[in-house]
Amino acid sequence: MSVNVLFAGSPSAWEAYRDPLMAACDRAGVAVQLAPNHPPEETDYIVYGTGCEIEDFSPFVRTKAVLRLWAGVEGIVKNPTLTQPLARMVGGGLDEGMVEWVTGHVLRHHLGMDAHILGQDGVWRNDICPPLARDRKVTILGIGALGGACARALASIGFQVTGWSRSQKDIAGVRCLSEAEGLDQALEGAEILVLLVPLTAETENLLGARTLGLLAPGAFVINPGRGALIDDAALLAALESGQVAHATLDVFRTEPLPPEDPYWAHPKVTITPHIASETRVDAAAEVVAENIRRGEAGEPFLHLVDRTLGY
Ligand code: NDP
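Since the model is a prediction, treat every value here as computed from it, not as a measurement.

## Focus on helix 5 (residues 179–187)
Reasoning step 1: Within helix 5, the full set of buried residues consists of Gly182, Leu183, Ala186 and Leu187. The buried residues of helix 5 occupy an angular sector of 125° when the element is viewed end-on, so they sit on one face.
Reasoning step 2: Its buried side turned inward, helix 5 meets strand 6 (137–141), strand 7 (160–165), strand 8 (174–178), strand 9 (192–195) and helix 6 (209–212).
Reasoning step 3: In the stretch just after helix 5, Gly189 is the one whose phi turns positive, near 75°.

## What to know about a nonpolar patch on the surface
Reasoning step 1: On the surface, a nonpolar cluster with roughly 400 Å² of combined accessible area is contributed by Leu111, Met113, Ile117 and Leu118.
Reasoning step 2: Inspection of the secondary structure assignment puts Ile117 in helix 3 (residues 114–117).

## Description of the packing of aromatic side chains
Reasoning step 1: Inspection of every chain in the model, using the stated rule, returns 6 aromatic pairs.
Reasoning step 2: Within the aromatic cluster, the residues linked to one another by ring pairs are Phe7, Trp14 and Tyr17.

## Considering the site of the ligand
Reasoning step 1: What surrounds the ligand is a group of 29 residues, the closest being Arg88, Leu146, Ser167, Lys169 and Tyr311.
Reasoning step 2: A distance of 3.0 Å is found between an oxygen atom of the ligand and a backbone nitrogen or oxygen belonging to Ser277.
Reasoning step 3: Contact between the ligand and Tyr311: an oxygen atom at 2.5 Å from a side-chain N or O atom of the residue.
Reasoning step 4: Take the shell around the ligand: its biggest share by element is 3 residues, from helix 4 (residues 145–157).
Reasoning step 5: The residue inventory of the shell around the ligand, partitioned by class, reads 14 nonpolar, 9 polar and 6 charged.

## What about the sheet that holds strand 8?
Reasoning step 1: Reading across the sheet, the 7 strands line up as 8-7-6-9-10-11-12 and stay open at both edges, with parallel pairing between neighbours. Edge strands, defined here as strands with exactly one partner in the open sheet, are strand 8 and strand 12 (269–271). On average, each strand axis in the sheet is tilted by 15° relative to the strand beside it, whichever way the strands run.
Reasoning step 2: In terms of strand pairing, strand 10 (residues 219–223) meets strand 11 (residues 244–249) through 5 bridges, oriented parallel. Along strand 11, the bridge assignment pairs Ile222 with Thr248.
Reasoning step 3: On top of the sheet, helix 4 reaches strand 6, strand 7 and strand 8; it is set at about 170° to strand 6, its chief contact.

## Observations regarding the side chain of Asn291
Reasoning step 1: Position of Asn291 among the secondary structure elements: in helix 9 (residues 281–297).
Reasoning step 2: Excluding its chain neighbours within four sequence positions, the residues that come into contact with Asn291 are Leu67, Ala87, Phe301 and Leu302.

## So, the packing of helix 1 (residues 11–28) against helix 9
Reasoning step 1: One can describe the packing of helix 1 onto helix 9 by two numbers: an axis separation of 8 Å at closest approach and a directional angle of 45°. Taken as axis vectors, helix 1 and helix 9 run oblique relative to one another. The two elements helix 1 and helix 9 meet at a crossing, and its hand is right-handed. Across from Ala16, Tyr17, Pro20, Leu21, Ala24, Cys25, Arg27 and Ala28 in helix 1, the residues of helix 9 making contact are Val281, Asp282, Ala284, Ala285, Glu286, Val288, Ala289, Ile292 and Arg293.

Rules used in this analysis
Residues numbered from 1 in each chain as written. Predicted model: local features only at pLDDT ≥ 70, side-chain atom pairs only at ≥ 80, totals over all residues. Heavy atoms only, no water. Buried < 20%, exposed > 50% of the residue type's maximum accessible area, 1.4 Å probe, protein only. Helix = DSSP H or I, 4+ residues; strand = E, 2+ residues; numbered from the N terminus. Arc of directions from axis to C-beta. Contact = heavy atoms within 4.5 Å. Patch = residues over 30% accessible without salt bridge, like charges linked within 9 Å, V, L, I, M, F, W, Y side chains within 5 Å. Areas by Shrake-Rupley, 256 points an atom, 1.4 Å probe, with all protein chains shown as cover. Salt bridge = Lys/Arg side-chain N within 4 Å of Asp/Glu carboxyl O. Phe/Tyr/Trp six-rings, centres within 6.5 Å; stacked < 30°, edge-to-face > 60°. Near = heavy atom within 4 Å. Polar contact = N/O pair within 3.5 Å; in protein donor to acceptor, adjacent residues only side chain to side chain. Nonpolar A, V, L, I, M, F, W, Y, C, P; charged D, E, K, R; others polar. Pairing = 2+ DSSP bridges. Axes fitted to C-alpha atoms, helices over the stretch in contact; angles between N-to-C directions. Parallel < 35°, antiparallel > 145°, perpendicular 65-115°, else oblique. Left-handed = near helix turned anticlockwise from the far one by under 90°.

Okay, here's the thing in structure tokens:
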């Protein structure tokens with residue numbers, strides 16, 4: 001008997017995923033019926049993509065897992081009707097994309113690239129010499145799948161990388177700190193800060209007036225995590241005072257960021273429209289197919305979300 005896989009997402013997402021998912025399931029050796037319209041009571045797996053409109057998961061009585069195509073789960077994890085196992089995307093090109101985006105923006109601020117890119121005005125400014133990476137303190141809050149990959153990449157360039165997480169980690173070349181008491185140590189004197197914790201009840205407003213005050217004066221803040229990790233009023237005040245020299249923000253409390261938001265016109269803020277890293281179809285299809293194979297083989301699913309922790 002074949003396995004019914006419901007693709008729950010926008011028509012364009014279905015168009016993009018249909019063939020790669022079928023091919024990946026074939027390679028994984030699972031015979032699936034992949035469709036955008038299986039009845040709930042006949043659905044074995046839900047692939048949860050962009051534009052998924054399911055709000056009530058209770059009719060999906062035989063569904064063995066919900067397989068999300070994205071990393072963040074704050075919008076779905078609290079849904080009380082979702083009692084089926086929920087797996088999020090790990091891999092799928094997300095880690096590589098995030099490493100490239102974070103490294104690019106860290107290097108922009110580290111090297112002071114703006115001075116030359118924005119200052120091409122006939123003046124020969126050859127007196128700007130940035131410190132070497134080995135003399136630059138970079139802190140990453142959240143060193144899981146994405147933050148951990150970024151920490152390794154930045155450490156390999158030579159940066160003094162500190163990472164912070166809930167549970168203690170051990171990453172070569174990275175000073176790893178954990179739990180509440182490690183947070184202040186991680187922030188103390190950080191010159192470039194990257195936020196890659198998930199948004200949960202515990203991490204909302206993690207970066208506020210007090211925590212911003214621990215950074216080195218004139219620090220750079222880079223947020224590809226979630227908008228609500230930052231107390232926006234506190235960040236604007238820190239930009240005003242110079243405590244933060246520049247903020248590069250990819251994510252916001254309200255997305256798309258409304259045109260009247262003060263961040264848009266702020267001279268010390270760079271906005272990118274939630275593009276830090278995207279799931280890549282072919283790579284993500286492999287991850288989903290592997291989880292379906294595991295479900296059918298009675299093996300534990302990969303990348304399960306812990307609902308009590310919220311991520
Ligand atoms: P992971 O779950 O793999 O990593 C999260 C990290 O945050 C872990 O190190 C975790 O600790 C730590 N963490 C969570 N809660 C706390 C806490 N209360 N205190 C201290 N540390 C905590 O997630 P990913 O790396 O895959 O993704 C991170 C986030 O990146 C996503 O949730 C999403 O919001 C964002 N994202 C943004 C994208 C974009 O384009 N802008 C694209 C993809 C993701 P521990 O290791 O101990 O569990």
